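Coordinate analysis (summary)
Next come the chains, spelled out residue by residue.
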Amino acid sequence: MFDTVFVLLVIAALLVVVGISQPLAICLRLPPSVLLAAVGVGIGAFPLISRQFGLVGSVGAVGLFTDLPVSSVTFIYVFLPLLVFEAGIATDVRRILQDTAAILLLAVIATLIATAVVGFALWPFARVPLLVCLLLGAVVATTDPAAVIAIFREVGAPARLTRLVEGEALLNDAAAIALFVVLLGMILTGREPNALAGLAEFSVSFVGGGVVGFLAGRLLLWIIPRVGDNRLAEATLTLAFAYLVFIGAERLFHVSGVVAVLVSGLTVSALGPSRIAPENWSFLAGLWEQIAFWARSLIFILASILVPRLLVDIGPDDMLLLGIAILAAFGARAFALFILVPPLEYFGLTQRIDASYKLAIIWGGLRGALTLVLALAVTENRALPPETQRFVAVLATGFVLFTLFVNGTTLRLIMGLLGLDRLSPRDEALRDQILALSYAEASEAAHEIARTHALSEAAVERVVAPYEARIAAANAEVATATNLTERDRLAIALVALGNQERVLVLDMLGHRVASPSAVQVLLGNADAITERARSEGRLGYRRAGETALVFPVGFRIAYSLYRRLGIVRPLAERLADRVEILLIMRVVIERLMPFNDQQIRQLFGERIAGVIREIIGQRRDAAASALDALRRQYPDYAAELEMRFLRQSTLRQEMSRYQSLFEEGLIAHEVYDDLKRSVVGARVVEQRPHLDIGLDTRQLVKRLDILAGLDERTLDRVCQLLRPRFAVRNDHIIRKGERGDAVFFIASGAVEVILPARRVRLGSGEFFGEMALLSGRLRQADVVALTYCQLLVLRRVDFERFMTANPEARFTINRTAEARRAMNTGELATPSEASG
Ligand code: CMP
C-alpha cells in the first residue's frame with residue numbers, strides 16, 4: 001500500500017517538473033531534454049551533497065526520489081515499446097519511402113561502423129573484454145534527432161533532408177538495439193566473439209523483427225475497421241498492440257522486439273490514415289504523442305537521477321575512456337556522412353546534403369532516452385560482472401551528459417555559425433503565403449457565419465479587420481522584402497493547390513465515397529505533386545500529375561502475371577482500382593477549380609490563377625480521357641461505380657442532415673439512432689463490385705463480323721481455335737522483323753499499325769498479323785494497342801485449320817492481305833506521294 005502511494009507521489013511530483021520544464025525550455029531556447037537532465041541530475045546529486053555537508057535531515061525527503069523501486073526491466077518493458085511505436089506512428093512513411101535506400105544504408109551500416117569504431121577504439125585502453133567495448137558502442141550508437149530536427153524545421157531546412165535525418169535516426173535506433181541484444185546475448189552466454197555469427201544473428205533478428213512487425217501491423221489494421229469507428233476502442237487496440245508485438249517478437253519468435261514494434265508502427269502510419277476516419281486518426285496521433293512524451297520525459301528524469309551516484313567515483317581513467325568514446329563516436333558519424341553519403345548522392349539515391357548540414361547533423365547527434373535505457377539494462381543485469389556494469393554505466397551516462405550539456409546547449413550557436421538559422425527567402429515567402437491563405441479562409445468563414453446567423457455588417461467588419469490586415473501585410477512582405485519572381489509565386493501557389501488536393505482526398509475518405517486503397521494511392525499522388533511543385537515549380541507539378549496517370553507497378557505486375565501465367569484475377573482487381581481511382585481523381589481535380597478561383601486568385605492575383613486554371617484544366621482532361629478509355633471498354637462497370645459514388649455521397653448528406661436535426665434538438669436521441677440504423681450501409685464503404693474483364697471467347701467471337709452467321713457447331717470449333725487476350729494501351733502486340741506466330745482479331749478496342757510512312761488505325765472487328773502467316777515472311781510492321789483491347793488470338797498451328805473451316809473468312813483475310821500488300825509496296829515505291 002505504502003509503496004504504491006509512494007511511487008505515485010514521486011511520479012506526480014516528477015510530472016510537475018516535466019510540465020514546468022516545457023515552457024521553461026522554450027524560454028531558454030534549449031532542447032527540453034537538456035533541462036530535464038539538469039533537473040534530474042540535481043535531484044540525484046542532492047543526497048550526496050547533503051551528506052558531504054552533514055545535512056542528513058533533508059536527505060530523507062529527497063531520498064524518496066533516488067531510491068525508487070523502478071527497475072530497468074520496468075524501463076524496458078513499460079517505456080520502450082511506447083517510445084518506439086510512437087516513433088513509427090509519427091513517421092510519414094510514404095515520404096521516407098522515397099529515400100529508403102539511403103536511409104537503410106546509413107542507418108544499418110553506419111550503426112555497425114559506429115559500434116565497431118567505438119568498441120575497437122576503447123579496447124586497448126579499457127580493462128574489459130572487446131565484446132563489452134562493442135556493447136558500449138551499440139549503446140551510444142542510438143541518436144536522438146529531436147533537437148536537430150526541431151531546429152531544422154524552424155529554419156526551414158529542405159524537407160527531404162529533415163526526413164532523411166528523421167528516418168535514419170529511427171532505423172538507427174532499431175539497428176542499435178537489435179545489435180545490443182545480440183552482443184549482450186554473446187556476453188551472457190560467454191561465447192567466443194565471432195563477427196560472422198554475430199552479423200548473421202543480427203540480420204536474422206533485424207529482418208525477422210521487420211517481418212513480424214509488418215504482419216502484426218497488417219493484423220491490427222484488419223481488426224481496427226471492425227470496431228465500428230469507435231476512436232476510444234481504436235486507440236486502445238493500438239496501445240495493446242505495442243506491447244503484444246514487443247513481447248511476442250521477443251519471446252515467441254526470438255527476433256528483435258524493438259524492430260517489430262517499430263515496423264508495426266510504421267505499417268499503421270502508412271496504411272492507417274486510409275482505414276481510420278480522419279478525426280479518429282488525429283485523436284490517435286495526439287494520444288500517442290502524449291504517451292510518448294510522458295514516457296520519454298520520465299525515462300530522462302528517472303535515469304538522470306541515477307547519474308550522480310554512478311559518477312561519484314569517476315576517476316581520470318574514466319575521463320580518458322569517455323574522451324576516446326566521444327571522439328570515436330563523432331568520428332564514425334563524420335565518416336558515415338562524409339564518406340558513405342557522397343556515393344549515394346552521386347547515384348541520385350539521396351538529395352545532395354550541404355557540408356554545413358552534415359556538420360549540423362554530426363554536432364546535433366544528441367544521445368537520449370534510449371541510450372539511458374540500454375545503459376540501465378546493463379547496470380541492473382545481475383548476471384554481468386560488476387566491472388562490466390560499471391564500465392557501461394559510467395561511459396554511457398557520461399556520453400549522454402556530454403552530448404546534452406555540450407552539444408545540446410551549443411547546437412543553436414553552431415547552426416548560426418554555419419548560417420543555417422535563417423529561412424531562405426523563397427521558403428519564407430511560402431510560409432507567409434500559406435499563412436495568408438489560412439487567414440483568408442478564416443475571414444471567409446466569418447462572413448459565412450454572419451450570413452447564416454444574420455449578424456450585422458459592422459460586427460463582421462470588426463472581426464475580419466485583423467485578418468484582412470494580416471493578409472495585406474503578408475502580401476506586402478512577399479512583394480517587397482523578397483524579390484520573388486513570377487515563377488516562384490506560381491510554385492508557391494501550386495504547393496498550396498497540392499495541399500488542398502490532399503485535404504479533398506481525405507474528405508472523400510471521411511465521406512466514405514472512396515475505398516481506402518484508392519485513397520491511399522490518391523494521397524500518394526497529392527504528396528508527390530506538392531513535393532515536386534515545391535522543388536521544380538510548374539514543370540514539376542505537371543510531370544507529377546502525368547506520373548499519377550501512368551500504370552502503377554502493381555498494375556504492371558498483375559498484367560505480367562496475366563500475360564505470362566494467364567492469371568486474370570489480380571489484373572481484374574487492378575483494373576477495377578484504376579476505374580475507381582480515376583473516377584475520384586476527376587472529382588477531386590474538378591473541386592480544385594473553385595479553390596483556385598477563390599482563394600488562390602484572391603492571394604496571388606488573376607494572372608497566376610489564370611495559369612493554374614489552365615494547368616488544372618489539362619489535368620482534368622487527361623484524367624477524363626484515361627477514364628473514358630476504360631469506360632468505353634467497361635461501360636457497365638463504370639456506371640456501377642459512379643452509382644455507388646453517388647449513393648454514398650447521398651447517404652452522407654442524409655446522415656449529416658439527421659445529425660444536425662439531432663444537435664439542434666429537433667429529434668430525440670432514440671429517433672436519431674433509429675434513423676441512423678435505417679441509413680443502410682452508411683457506416684461502411686459498400687463493397688466494390690467485381691469487374692469482369694470480359695475474356696469469354698464465345699462472347700468475343702460474336703462481336704466479329706468476319707465470323708458472323710456461323711452455325712453452332714462451326715462456332716464451337718472456331719472457339720476452340722481462338723484464345724482471348726487482353727492488352728493495355730501502348731502494349732506492343734507485334735514487333736517488326738519478328739517471325740509471325742499468330743493472327744489477331746480485335747473484338748473491342750483499337751490498335752495502330754506503324755508503317756514507315758504513316759500509321760494505320762484498326763478498330764473493332766478488324767484483324768492484323770495475317771501477312772506474315774500467309775507469305776511466310778517476317779512481320780512487316782509494329783502493331784501497338786491504342787486503348788484497352790480485347791483480342792482473339794489465332795496461332796500459326798491452328799491457322800490452316802481455321803482457313804479451311806471458314807471459307808468466307810479465308811476469302812476476306814486473303815483479300816485484305818492482298819490489298820495491304822499492294823498499298824505498302826506502292827508506298828515504298830513512291831513514299832513522298834503516298835505520305836502526301
Ligand atoms: P504482319 O506483317 O504479319 O505484321 C504486321 C501487320 O500489320 C501485318 O501483318 C498486317 O496485318 C498489318 N498491316 C501491314 N500493313 C498494313 C496496312 N497498310 N494497313 C493495315 N494493316 C497493315
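Residues numbered from 1 in each chain as written. Predicted model: local features only at pLDDT ≥ 70, side-chain atom pairs only at ≥ 80, totals over all residues. Heavy atoms only, no water.

1. Quick notes on the site of the ligand
- Within the structure, the ligand sits among 16 residues, and Gly769, Glu770, Arg779, Gln780 and Asn824 are positioned closest to it.
- Between the ligand and arginine 820, the relevant distance is 3.2 Å, taken from a nitrogen atom to a side-chain nitrogen or oxygen of the residue.
- For the ligand, a nitrogen atom lies 2.9 Å from a polar atom in the side chain of asparagine 824.
- With the chains in place, 98% of the 460 Å² that the ligand exposes on its own is no longer accessible.
- Within the shell around the ligand, the residues separate by chemical class into ten nonpolar, three polar and three charged. (Near = heavy atom within 4 Å. Polar contact = N/O pair within 3.5 Å; in protein donor to acceptor, adjacent residues only side chain to side chain. Areas by Shrake-Rupley, 256 points an atom, 1.4 Å probe, with all protein chains shown as cover. Nonpolar A, V, L, I, M, F, W, Y, C, P; charged D, E, K, R; others polar.)

2. As for the side chain of glutamate 168
- Looking at where glutamate 168 falls in the secondary structure, it is placed in helix α9 (residues 159-189).
- Residues within four places of glutamate 168 in sequence aside, it is in contact with Ile103, Leu106, Ala107 and Arg333. (Helix = DSSP H or I, 4+ residues; strand = E, 2+ residues; numbered from the N terminus. Contact = heavy atoms within 4.5 Å.)

3. Thoughts on the sheet that holds strand β7 (residues 782-785)
- Taken in spatial order, the four strands of this open sheet run β2-β7-β4-β5, and their pairing is antiparallel. What marks the edges here is a single partner per strand, and that holds for β2 (732-734) and β5 (759-762). Taken over all neighbouring pairs, the strand axes of this sheet differ in orientation by 30 degrees on average, direction set aside.
- Across four bridges, strand β4 (residues 751-754) lies against β7 in antiparallel orientation. Following the sheet pairing, glutamate 752 is matched in β7 by valine 784. (Pairing = 2+ DSSP bridges. Axes fitted to C-alpha atoms, helices over the stretch in contact; angles between N-to-C directions.)

4. What to know about the nonpolar core
- Within the largest apolar cluster, 135 residues are counted, with the highest numbers of intra-cluster contacts made by Leu122, Phe180 and Phe391.
- Looking at this core element by element, the count peaks at 15 residues for α9.
- Residues in contact with leucine 122, not counting those within four places in the same chain, are Cys133, Leu136, Leu321, Ile324, Ala325, Phe391 and Leu395. (Core = buried A, V, L, I, M, F, W, Y, C linked by side-chain atoms within 4.5 Å. Buried < 20%, exposed > 50% of the residue type's maximum accessible area, 1.4 Å probe, protein only.)

5. A look at unusual backbone geometry
- With phi around 55 degrees, histidine 254 is a residue other than glycine that occupies positive phi space.
- Among the secondary structure elements, histidine 254 is positioned in the loop between α11 (231-252) and α12 (257-271).
- Backbone geometry places asparagine 730, a non-glycine residue, at a positive phi of 70 degrees.
- Take asparagine 730: it is sitting in the loop between β1 (722-727) and β2.
- Under the relative-accessibility criterion, asparagine 730 is labelled exposed at 54%.

6. Observations regarding the pairing of strand β3 (residues 742-748)
- Judged by how many residues are buried, β3 sits mostly within the fold: seven of seven residues are covered.
- Where β3 and strand β8 (residues 789-795) come together, six bridges link them in antiparallel fashion. Across the sheet, residue phenylalanine 745 finds its bridge partner in β8, namely leucine 792.
- With two bridges connecting them, β3 and strand β6 (residues 767-768) associate as antiparallel partners. Note that in β6 the partner of phenylalanine 744 across the bridge is phenylalanine 768.

7. Description of the confidence of the model for the protein chain
- In the predicted model, the protein chain carries a mean pLDDT of 84, and 91% of its residues have values of at least 70.
- The secondary structure element of the protein chain with the lowest average pLDDT is helix α31 (residues 831-835), at 43, and the one with the highest is β6, at 96. (pLDDT = per-residue confidence, 0-100.)

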